[in-house]
Amino acid sequence: MQEIELKFLVPESRLKGLMRQTHVKSSQVTQLAAHYYDTPDQQLAQAGIGLRIRKEGDTWVQTIKAGGDSIAARLEHNAVLDNEQVQAMLDNNELMPDLKIYEDTPIAAALADFKLKKLAKNLTRLYVTDVERTTRLLTESNEDETDNCIEMAYDQGEIIHGTDDSLRKAIQEIEFELVSGDLDFLFTTAKTWCKRYKLCLSTVTKAENGSLLINGQKHSPAVNANLSQLQIDKDSSAPAFIRAVVHNCLLQILSNSSAIVAGSIDDDHILQLRIGIDRLRTALKAFTDFSDEINPEWLPILKQTATLLSEYYQLAYINAQIEPELQACGAPAVDWTTDIENIKITPINTLQANDFQLTLLELIAFTMSDPSIEPQTDKLALDKLAKILSKQYNKCLKADKETDEVSSTEIVSDDVNVDTDISEDNQDEALLCDHIKALRYISEFSAPLLSKKKAKKKTKRWLKRLIKAHIALEQRNDDNQYQQFYALKSAKDTNALYGAGWFAAMLTDDPSYIETRLAKFKDSSTFW
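What counts, and where the lines are drawn
Residues numbered from 1 in each chain as written. Predicted model: local features only at pLDDT ≥ 70, side-chain atom pairs only at ≥ 80, totals over all residues. Heavy atoms only, no water. Helix = DSSP H or I, 4+ residues; strand = E, 2+ residues; numbered from the N terminus. Buried < 20%, exposed > 50% of the residue type's maximum accessible area, 1.4 Å probe, protein only. Contact = heavy atoms within 4.5 Å. Areas by Shrake-Rupley, 256 points an atom, 1.4 Å probe, with all protein chains shown as cover. Lys, Arg positive; Asp, Glu negative; His and termini not counted. Charge placed at Lys NZ, Arg CZ, Asp CG, Glu CD. Polar contact = N/O pair within 3.5 Å; in protein donor to acceptor, adjacent residues only side chain to side chain. Patch = residues over 30% accessible without salt bridge, like charges linked within 9 Å, V, L, I, M, F, W, Y side chains within 5 Å. Salt bridge = Lys/Arg side-chain N within 4 Å of Asp/Glu carboxyl O. Axes fitted to C-alpha atoms, helices over the stretch in contact; angles between N-to-C directions. Parallel < 35°, antiparallel > 145°, perpendicular 65-115°, else oblique. Left-handed = near helix turned anticlockwise from the far one by under 90°. 1 Å grid on protein atoms, 1.4 Å probe; cavity = no way out; pocket = protein on both sides within 12 Å on 5 of 7 lines; lining within 4 Å. Points joined across faces, edges and corners; volume = space filled by probe spheres on them. Nonpolar A, V, L, I, M, F, W, Y, C, P; charged D, E, K, R; others polar. Phe/Tyr/Trp six-rings, centres within 6.5 Å; stacked < 30°, edge-to-face > 60°. Pairing = 2+ DSSP bridges.

Caption draft 1: Focus on the overall build of the protein. For the protein, the count of helices and strands is 16 helices and nine strands. Expressed along its principal axes, the backbone C-alpha trace of the protein runs to roughly 95 × 60 × 50 Å. Taken across its 528 residues, the protein has 48% of its residues classed as buried. Pairs at least 24 residues apart make up 74% of the contacts formed inside the protein by residues separated by at least 6 positions. Summing over all exposed atoms, the protein offers an accessible surface of approximately 26800 Å²; the carbon and sulfur share of this is 49%. Of the side chains in the protein, 60 bear a positive and 80 a negative charge, and the two mean positions are spaced by 4 Å.

Caption draft 2: The side chain of Thr-135, seen in detail. Secondary-structure assignment places Thr-135 in strand β6 (residues 124-141). Setting aside residues up to four positions removed in sequence, Thr-135 forms contacts with Ser-27, Gln-28, Glu-151, Met-152 and Ala-153.

Caption draft 3: Representation of helix α3 (residues 83-91) in the model. One side-chain oxygen of the residue at the start of α3 lies 3.0 Å from the amide nitrogen of Glu-84, identifying that residue as Asp-82. Residue Asn-93 follows α3 closely and has a positive phi angle near 55°.

Caption draft 4: A look at a negative patch on the surface. On the surface, Glu-402, Asp-404, Glu-405 and Glu-515 cluster together to form a negatively charged patch. Here the negative patch takes three residues from helix α13 (residues 382-415), the largest share from any one element. In this fold, Asp-404 is placed in helix α13.

Caption draft 5: Spotlight on the packing of helix α9 (residues 298-328) against helix α12 (residues 354-368). Two elements in contact, α9 and α12, have axes whose closest approach is 10 Å; the angle formed by their N-to-C orientations is 130°. Considering their axes alone, α9 and α12 lie oblique with respect to each other. By crossing handedness, the relation of α9 to α12 is classed as left-handed. The segment α9 lies against α12, with Trp-298, Ile-301, Leu-302, Gln-304 and Thr-305 engaging Asp-355, Phe-356, Thr-359, Glu-362, Leu-363 and Phe-366.

Caption draft 6: Quick look at helix α6 (residues 206-214). Among the nine residues that make up α6, seven are buried, leaving the element largely enclosed by the rest of the structure. Regarding α6, the residues found buried are Lys-206, Ala-207, Asn-209, Gly-210, Ser-211, Leu-212 and Leu-213. The positive-phi residue at the C-terminal boundary of α6 is Gly-216, with phi of around 70°.

Caption draft 7: Structural view of the packing of helix α7 (residues 238-261) against α12. It is the contact of α7 with α12, at a shortest axis distance of 10 Å, that shows an interaxial angle of 145°. Between α7 and α12 lies a crossing of left-handed hand. On α12, the residues that touch Ile-242, Arg-243, Val-246, His-247, Leu-250, Ile-253, Leu-254, Ser-257 and Val-261 of α7 are Phe-356, Gln-357, Leu-360, Leu-363, Ile-364, Phe-366 and Thr-367.

Caption draft 8: Examining empty space enclosed by the protein more closely. For the structure on display, the rule yields one cavity of 30 Å³ or more. When its volume is computed, the largest cavity comes out at roughly 40 Å³. Contributing to the lining of the largest cavity are Leu-32, Tyr-36, Arg-54, Thr-129, Val-131, Arg-133, Asp-155 and Lys-206. Of all the secondary structure elements, the ones that give two or more residues to the lining of the largest cavity are β2 (28-38) and β6. Of the residues contributing to the lining of the largest cavity, the split by class is three nonpolar, one polar and four charged.

Caption draft 9: Expanded view of the packing of aromatic side chains. Considering all chains together, one arrives at 22 aromatic pairs under this definition. Taking the centre distance of 5.0 Å and the plane angle of 20° together, the rings of Tyr-36 and Tyr-127 count as stacked. Taken together, the positions of Tyr-36 in strand β2 and Tyr-127 in strand β6 put the pair 91 residues apart, joining distant regions of the chain. Given a relative accessible area of 4%, Tyr-36 falls into the buried group. Arranged with centres 6.5 Å apart and planes meeting at 85°, the rings of Trp-336 and Phe-485 form a pair that is edge-to-face. Separated by 149 residues along the polypeptide, Trp-336 in the loop between α9 and α10 (337-341) and Phe-485 in helix α15 (residues 456-489) bring together distant segments of the chain.

Caption draft 10: Expanded view of a nonpolar patch on the surface. A surface patch of nonpolar side chains, about 250 Å² in accessible area, is lined by Tyr-498, Trp-502 and Met-506. Here Tyr-498 shows up in helix α16 (residues 496-523). With a relative accessible area of 31%, Tyr-498 lands in the partly exposed category.

Caption draft 11: Local environment of a positive patch on the surface. Judged by side-chain charge, Lys-234, Lys-452, Lys-453, Lys-456, Lys-458 and Arg-461 come together as a positively charged surface patch. Assessed through its relative accessible area of 76%, Lys-453 is described here as exposed.

Caption draft 12: How the structure looks around the pairing of strand β5 (residues 73-80). Alignment of strand β1 (residues 2-9) against β5, held across three bridges, turns out to be antiparallel. Looking at β5, one finds that Glu-3 is bridged to Arg-74. Here strand β4 (residues 59-70) runs beside β5; their pairing, made up of eight bridges, is antiparallel. Its bridge partner being in β5, Ser-70 is matched across the sheet by Ala-73. A loop of two residues connects β4 with β5, the two strands running antiparallel in sequence.

Caption draft 13: Representation of unusual backbone geometry within the structure. Positive phi is not limited to glycine here, since Gln-42 has a value of about 55°. The exposure class of Gln-42 is buried, given its relative accessible area of 10%. One non-glycine residue, Asp-104, lies in the positive phi region at around 60°. With respect to the secondary-structure elements, Asp-104 resides in the loop between α3 and α4 (116-122).

In structure tokens form, the structure reads like this:
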């Protein structure tokens, strides 16, 4: 079977109010003791599979979970075990899962890459969980006299290392699982609770938290874009295509967002989250006509979130990466900690904002909605992509031409010793970078449908040149930003003059390199 649930972290400031709503007369409290299994090198975890034996009240249940067909859905198989047999194994410290029960079940496909006999021999208990679960059913009657039903479960407890019980990780989360009825009821309910208690979406499972504990990590590594997970084909309708693209972006966004709301201050999480949001914004703008269900209010919220993340990331990157490099070259130290501390809205504050969390919920609901009921379900995405790509490609060519004209004007002005407005040039280059970046993302989403078998090498080469041009422009854009940071800082700290001069020199050396990258890109014939 497939479970459909949404998981949230609970902020301490809202915990008391939430507890009052979970601990009502109709709620039930159950003590859950679970043993989680994997190979010593965590082959199951790497495949996105969780395997446990858990005591639920007076019953022992063996459960396996694997990836489902959407962000909020996972494959799940539960098998009730014989209590006496389990107790006998526990007494002899031999409690182990029985993998034979998964033969001829829907979960078998998730284990297809494993040899079950070999896997069974290599399994070991890696960690256990000790959790108090408070459950409450939320119901709503439909017009057809069927009930929408959600099980709300609040879990509080800890994960304990399998061989060293001094190593523990706290658990405090709330889940909403659809028991029966409409998917809309799940999301409507989740949004209501999210608004009231400032809940934050999390995709981190207990199995993942257990793996982090035994690996000595607080958070999983940052997740990059993975286009191999983009589920589209040449027969994809326009509504199905945009849902698949949004889903692909959310895989990157939610993984990194989950780490940040759980306390990560890793620059990579912030960077990859911002990139994920940029990809999503590009998709929603480029393919807005592919679906009538796209909410125009998503874009301004996503833009604001990306902007706030960028402001923090730039200062954090200067402090953690650029400063050590400059000091290694002999630069005097510049202290940026006060500047970072003075930022009123940190990444975790940004992501905890209700409007962002509600937008994520709406986007997940959008990806899980049925594309076949939309008016455009008979229109193929393939038929629209070439026009969209050509339009964006022409924007790039126009922006590149305008940037060249500004640069030429500067050269003439320098010859006659006239001051020039550098910021205008920076703005033109930034605009060109934005257009190139958008073309890259649109091309990456579209290439699987437009690239013909005989022309795959051509498509790959074109994309490679486009990406190199984008990276070069992005680096120059970043260097411009860093130069401005150091120039502004030098008004109060003269040590920053070294950094301002360093980046000014870098910017002087950049143009020829960028021009070469852009020339190679423009000289390549398009793949559509």
